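As a plain string of letters, each chain reads:
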Amino acid sequence: MSNLFYQTKSPRPMLDRAEGIYMWDSTGKRYIDGSSGAMVSNIGHSNPAVLAAMRAQMDRSTFGYRLHFQTESSERLAAKTAALAPEGLNRVFFVSGGSEAVESTLKMARQYTLTHGDPQRFKVISRYPGYHGCTLGALAITGYAPMTAPFDPMMQRMPKIPAPRAYLDGLDADDPATGGHYADMLEAKILEEGPETVLAFIVEPVGGASTGALVPPAGYMQRVREICTQYGVLLIHDEVMTGGGRTGRFFGAEHWDVSPDLISISKGFGGGYVPLGAMIARDDIVEAVIGSGGFIHGFTYAGNPLACAAGCAVLDQIAEHDLIGNAARMGDRLRDRLRGLMQRYPLIGDVRGKGLLMAFELMADRHTKAPLPTELNAHARLVDIAYENGLIIYSRRTRGGTSGDHFLVCPPMIVDEAQLDDLTERLDRSLASYMAEIPQ
Ligand code: PLP
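Definitions and limits used
Residues numbered from 1 in each chain as written. Predicted model: local features only at pLDDT ≥ 70, side-chain atom pairs only at ≥ 80, totals over all residues. Helix = DSSP H or I, 4+ residues; strand = E, 2+ residues; numbered from the N terminus. Buried ≥ 20, exposed ≤ 12 C-beta atoms within 10 Å, placed from the backbone. Contact = placed C-beta atoms within 7 Å. Near = placed C-beta within 6 Å. Nonpolar A, V, L, I, M, F, W, Y, C, P; charged D, E, K, R; others polar. Expected span 1.5 Å × (residues − 1). Arc of directions from axis to C-beta. Pairing = 2+ DSSP bridges. Domains from an automatic or database assignment. Axes fitted to C-alpha atoms, helices over the stretch in contact; angles between N-to-C directions. Parallel < 35°, antiparallel > 145°, perpendicular 65-115°, else oblique. Left-handed = near helix turned anticlockwise from the far one by under 90°.

### Description of the environment of cysteine 312
Here is step 1: Inspection of the secondary structure puts cysteine 312 in helix α11 (residues 305–320).
Here is step 2: Look at cysteine 312 and you get buried, because 22 C-beta atoms sit within 10 Å.
Here is step 3: Put simply, cysteine 312 and alanine 78 are 234 residues apart on the chain and 9.0 Å apart in space, counted from C-alpha to C-alpha.
Here is step 4: Excluding residues that lie within four positions of it along the chain, cysteine 312 makes contacts with Ala53, Ser73, Arg76, Leu77 and Lys80.

What follows is the structure in structure tokens.
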């Protein structure tokens, strides 16, 4: 028996090593990392330049408490991050993961409103389905009942609006009226709650695991920005999964040319080399909070010099090898391949995503959008079959007013055409096996 008790539906192999887009288990079997772990290993595994940068930093120091020392690598990473961020967001606060990054934005927003003498603003509106992390603050704004329900009494539950799933509602995602329709739900919620009580709205620019790479309809992100500005509500972009280039832009929201007030980033930021995340904030927000006595927040490992040295090297690799451009190009190819599979497998009801943040959803009927019966456990079974075929994909089944079984296909941004075709061929075989075993 293992002393670990992580939950997996089936026993998983023992990892031996990983390189590029591949991972090997202890029996020597090779897998394509078709989901970059949990959309983390954006630049691939064992990148020699990142490992060298980490070794160099390890020889100097692996820890320097941020309140005792400035560190060169954290200064450098903050400067690089600010240079990539939207105009006016130049202040960076490091953390060790996505949930911590989200918590940081919530607390920064709250402290900022106090500097205006606005203590009644505390509500953070979010969306369902939506995912922002598993700490209690982040869970309070997470719209995913299987993860939140047991902890409900421990949290201040925050107001939610539906995520703009035009494909389920039979609306045209390319029509700006559709974006307006869903964004108006935010305005209605702000008015219902009382604008004077609403602190912030948090949104994943492209959805992650909970929606399966949901892309907002035309005009949505822009209208959301307008509404937040109109009601003095801070706009937080949760770019924990989208930040770092996977969607074909460094920040997902760049696709819609909108700028938030606060950003959370993690996953691809450390690229799987080290636990790393950050909050990026509007300069005047940080100035106001510091001016009022300081940000009442901070984690022991925040700004760790080893993590920041790795983060710098990850960002350098992304730039030097044009990995964002590659994510956009390979994303187009992947979308074509998945659409090809959709033509052959009626079970695939939708293909969506941006760049290499791509997903498909299985449905019993793509016209009625009826989900597959729960007993089929499609989200778990197809992943197991893919494992047998040397392919790792990421799945989620979200129920209760939400969608069915969706699968994220998100290989590292270094993937090339031949590797992508190999990946989709393995997926094709896995779908064929799955089809063969379910009742028709
Ligand atoms: N926010 C988003 C959008 C995420 O996708 C995730 C993780 O999947 C998180 C926050 C939480 O990040 P972590 O698991 O690193 O705490």
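Still more ground to cover, so stick around.
### Points about the site of the ligand
Here is step 1: Near the ligand, the surroundings consist of 15 residues, among which Gly97, Gly98, Ser99, Gly133 and Val240 are the closest.
Here is step 2: With 3 residues, the top contributor of residues to the shell around the ligand is helix α4 (residues 98–115).
Here is step 3: Classifying every residue of the shell around the ligand by side-chain character gives 6 nonpolar, 7 polar and 2 charged.

### A word on helix α14 (residues 417–437)
Here is step 1: In this model, α14 (21 residues) spans 31 Å end to end at C-alpha, consistent with the 30 Å of a helix rising 1.5 Å per residue.
Here is step 2: Taken together, the buried positions of α14 are occupied by Leu420, Leu423, Thr424, Arg426, Leu427, Ser430 and Leu431. One side of α14 holds all its buried residues, which, seen down the axis, span an arc of 155°. Opposite the packed face of α14, turned more than 90 degrees from it, sit the exposed residues Ala418 and Ala436.
Here is step 3: Next to the buried residues of α14 lie β3 (30–33), α12 (323–344), α13 (378–388) and β13 (391–392).

### Overview of the pairing of strand β4 (residues 91–95)
Here is step 1: Of all 5 residues making up β4, 5 are buried, and the element is well covered by its neighbours.
Here is step 2: Pairing of β4 with strand β10 (residues 277–281) involves 5 bridges; the strand directions are antiparallel. Paired with valine 95 across the two strands is glycine 277, which belongs to β10.

### Section: the domain arrangement of the protein
Here is step 1: Domain annotation for the protein reports domain 1 (15–46 + 322–437) and domain 2 (50–320).
Here is step 2: A straight line from the C-alpha centre of domain 1 to that of domain 2 covers 26 Å.
Here is step 3: Listed per partner, the contact involves 33 residues of domain 1 and 32 residues of domain 2.
Here is step 4: Mapped onto the side of domain 1 that touches domain 2, the elements with two or more residues apiece are α1 (36–39), α12, β11 (348–354), β12 (357–362), β14 (394–397) and β15 (405–409).
Here is step 5: Among the elements that line the side of domain 1 that touches domain 2, the one with the most residues is α12, at 5 residues.
Here is step 6: Each residue belonging to the side of domain 1 that touches domain 2 can be placed in one class, and the counts come to 15 nonpolar, 12 polar and 6 charged.

### Digging into the sheet that holds β13
Within a sheet, each strand pairs with its neighbour through backbone hydrogen bonds, oriented either parallel or antiparallel.
Here is step 1: Judged by pairing direction, the sheet is mixed, and its 4 strands sit side by side in the order β1-β2-β3-β13 without closing on themselves. Only two strands of the sheet have a single neighbouring strand rather than two, namely β1 (15–19) and β13.
Here is step 2: Of the pairings in the sheet, the one linking β1 to strand β2 (residues 22–25) comprises 4 bridges and is antiparallel in character. Residue leucine 15 lies in a different strand from β2, and its bridge partner there is aspartate 25.

### Here we look at the environment of aspartate 16
Here is step 1: Tracing the chain through its elements places aspartate 16 in strand β1.
Here is step 2: Sequence separation of aspartate 16 and arginine 429 is 413 residues, and the distance between their C-alpha atoms is 25 Å.
Here is step 3: In contact with aspartate 16, not counting residues within four places along its chain, are Trp24, Asp25 and Ser26.

### So, the packing of α12 against α14
Here is step 1: Relative to each other, α12 and α14 sit at 25°, their axes nearing to 10 Å. Judged on the interaxial angle alone, α14 and α12 are roughly parallel. Note that α12 runs across α14; the crossing there is right-handed. Of the residues in α14, those touching α12 at Met330, Arg333, Leu334, Arg337 and Leu341 are Glu417, Leu420, Thr424, Leu427, Asp428 and Leu431.
Here is step 2: For the contact of α12 with α14, the residue count by class is 6 nonpolar, 1 polar and 4 charged.

### Some remarks on the sheet that holds strand β6 (residues 160–162)
Here is step 1: The strand order β4-β10-β9-β8-β7-β5-β6 describes an open sheet built from 7 strands, whose pairing is mixed. Where the open sheet ends on each side, the last strands, each with one partner, are β4 and β6. Across the sheet, the axes of successive neighbouring strands diverge by a mean angle of 20°, strand direction being ignored.
Here is step 2: Bridge analysis of strand β5 (residues 123–128) against strand β7 (residues 198–203) gives 3 bridges, and the strand direction is parallel. Within β7, the position partnered with isoleucine 125 by the bridge is phenylalanine 201.
Here is step 3: Sheet strands in contact with helix α9 (residues 220–230) are β7 and β8 (234–239), and its direction is about 145° off that of β8.

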